[in-house]
Amino acid sequence: MLTNEAYKPINCDDYDNLELACQSNWILSLELKNGEKLSAKATDMVMRKNIEYLVIELTGEQRELRLDHIASFSHPKLGTVVVSESD
(Lines give C-alpha, C1' and ligand atoms only; values in the text may rest on other atoms or scores of the structure.)
Protein backbone atom coordinates (compact mmCIF):
# COMPACT_ATOMS: atom_id res chain seq x y z
CA MET A 1 0.00 0.00 0.00
CA LEU A 2 1.35 3.42 -0.84
CA THR A 3 2.50 5.46 2.11
CA ASN A 4 2.77 8.79 0.31
CA GLU A 5 -0.95 9.20 -0.28
CA ALA A 6 -2.76 11.99 1.57
CA TYR A 7 -3.72 11.04 5.11
CA LYS A 8 -7.46 10.95 5.79
CA PRO A 9 -8.29 11.32 9.51
CA ILE A 10 -10.62 8.68 10.92
CA ASN A 11 -13.90 9.21 12.75
CA CYS A 12 -13.43 10.53 16.33
CA ASP A 13 -15.39 7.65 17.93
CA ASP A 14 -13.20 5.11 16.13
CA TYR A 15 -10.09 6.98 17.30
CA ASP A 16 -11.39 7.01 20.89
CA ASN A 17 -11.98 3.24 20.74
CA LEU A 18 -8.38 2.72 19.58
CA GLU A 19 -7.13 4.93 22.43
CA LEU A 20 -9.13 2.82 24.92
CA ALA A 21 -7.62 -0.34 23.42
CA CYS A 22 -4.12 1.09 23.89
CA GLN A 23 -4.77 2.15 27.48
CA SER A 24 -6.05 -1.35 28.24
CA ASN A 25 -3.34 -3.13 26.17
CA TRP A 26 -6.07 -5.11 24.44
CA ILE A 27 -5.33 -7.74 21.81
CA LEU A 28 -7.22 -6.55 18.74
CA SER A 29 -8.26 -8.43 15.65
CA LEU A 30 -7.40 -6.00 12.88
CA GLU A 31 -8.23 -6.01 9.20
CA LEU A 32 -6.33 -3.62 6.97
CA LYS A 33 -7.66 -2.12 3.75
CA ASN A 34 -5.12 -4.17 1.78
CA GLY A 35 -6.76 -7.37 3.10
CA GLU A 36 -4.10 -8.21 5.70
CA LYS A 37 -5.50 -9.63 8.96
CA LEU A 38 -3.64 -9.35 12.26
CA SER A 39 -4.14 -10.18 15.89
CA ALA A 40 -1.92 -7.84 17.91
CA LYS A 41 -1.67 -5.93 21.17
CA ALA A 42 -2.54 -2.23 20.88
CA THR A 43 0.14 -0.28 22.76
CA ASP A 44 0.13 3.39 21.70
CA MET A 45 -1.06 6.07 19.32
CA VAL A 46 1.52 8.37 17.71
CA MET A 47 1.54 11.20 15.18
CA ARG A 48 4.36 11.87 12.74
CA LYS A 49 4.26 14.49 9.99
CA ASN A 50 0.49 14.93 10.50
CA ILE A 51 -0.19 11.20 10.06
CA GLU A 52 -1.67 9.21 12.95
CA TYR A 53 -0.52 5.66 13.68
CA LEU A 54 -1.60 2.82 15.93
CA VAL A 55 1.43 1.15 17.50
CA ILE A 56 0.93 -2.59 17.87
CA GLU A 57 3.02 -5.38 19.30
CA LEU A 58 3.10 -8.40 17.01
CA THR A 59 5.25 -11.45 17.81
CA GLY A 60 7.44 -9.38 20.13
CA GLU A 61 8.05 -6.59 17.62
CA GLN A 62 6.50 -3.15 17.37
CA ARG A 63 4.78 -2.09 14.18
CA GLU A 64 2.99 1.13 13.27
CA LEU A 65 -0.24 1.06 11.28
CA ARG A 66 -1.57 4.20 9.64
CA LEU A 67 -5.05 4.73 11.04
CA ASP A 68 -6.50 5.36 7.58
CA HIS A 69 -5.18 1.95 6.44
CA ILE A 70 -7.25 0.10 9.07
CA ALA A 71 -10.56 -1.21 7.68
CA SER A 72 -11.87 -2.64 10.98
CA PHE A 73 -10.85 -3.83 14.42
CA SER A 74 -12.55 -5.89 17.07
CA HIS A 75 -12.29 -6.90 20.71
CA PRO A 76 -14.84 -8.75 22.92
CA LYS A 77 -15.45 -5.60 25.02
CA LEU A 78 -15.88 -3.38 21.95
CA GLY A 79 -17.42 -5.60 19.33
CA THR A 80 -16.37 -4.95 15.74
CA VAL A 81 -15.67 -1.39 14.69
CA VAL A 82 -15.64 -0.59 10.98
CA VAL A 83 -13.36 2.42 10.64
CA SER A 84 -14.77 5.38 8.78
CA GLU A 85 -13.24 8.69 7.74
CA SER A 86 -14.06 11.80 9.71
CA ASP A 87 -16.59 14.20 8.22
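Throughout, residues of each chain are indexed from 1 in the direction in which the sequence is written. With the structure being a predicted model, the display of local features is reserved for residues of pLDDT at least 70 and the display and counting of side-chain atom pairs for 80 or more, all residues being used for whole-chain, interface and lining totals. By convention in this description, side-chain values take in all heavy atoms of the structure and omit both hydrogens and water.

The protein is annotated in an unreviewed UniProt entry as Rho-binding antiterminator of Winslowiella arboricola.

> Would you mind showing me how to read the sheet that holds strand β4 (residues 61–66) here?
Backbone-to-backbone hydrogen bonds pair the strands of a sheet. The strands run either parallel or antiparallel. The strand order across the open sheet formed by 6 strands is β4-β3-β2-β1-β5-β6, and the pairing between neighbours is antiparallel. Edge positions in the sheet fall to β4 and β6 (79–82), since each of these pairs with one other strand and no more. Taking the axes of each pair of neighbouring strands and ignoring which way they run, one obtains an average angle of 40° across the sheet. Sheet topology note: the strand β5 (residues 70–75)/β6 ladder contains 4 bridges and is antiparallel. Looking at the pairing, H75 lines up with G79 of β6. In the packing of helix α1 (residues 12–23) onto the sheet, the strands contacted are β1 (27–32), β2 (37–48), β3 (51–58), β5 and β6, and the crossing angle to β2 comes to about 105°. When DSSP finds at least two bridges between two strands, those strands are taken to pair. Every helix listed is a DSSP run of H or I at least four residues long, and every strand listed is a run of E at least two residues long, numbered separately from the N terminus. In this description, a line fitted to the C-alpha atoms serves as the axis of each element, helices being fitted only across the stretch in contact, and the angle between N-to-C directions of two axes falls anywhere from 0 to 180 degrees. In what follows, residue pairs with any heavy atoms lying within 4.5 Å of each other are defined as contacts.

> Mind showing me how you'd approach the state of the cysteines here?
Linking two cysteines covalently via their sulfur atoms produces the bond known as a disulfide. Criterion for a disulfide: a pair of cysteine sulfur atoms within 2.5 Å. This structure, assessed with the given rule, holds 0 disulfides. Not part of a disulfide, C12 finds its nearest cysteine sulfur in C22, a span of 16 Å.

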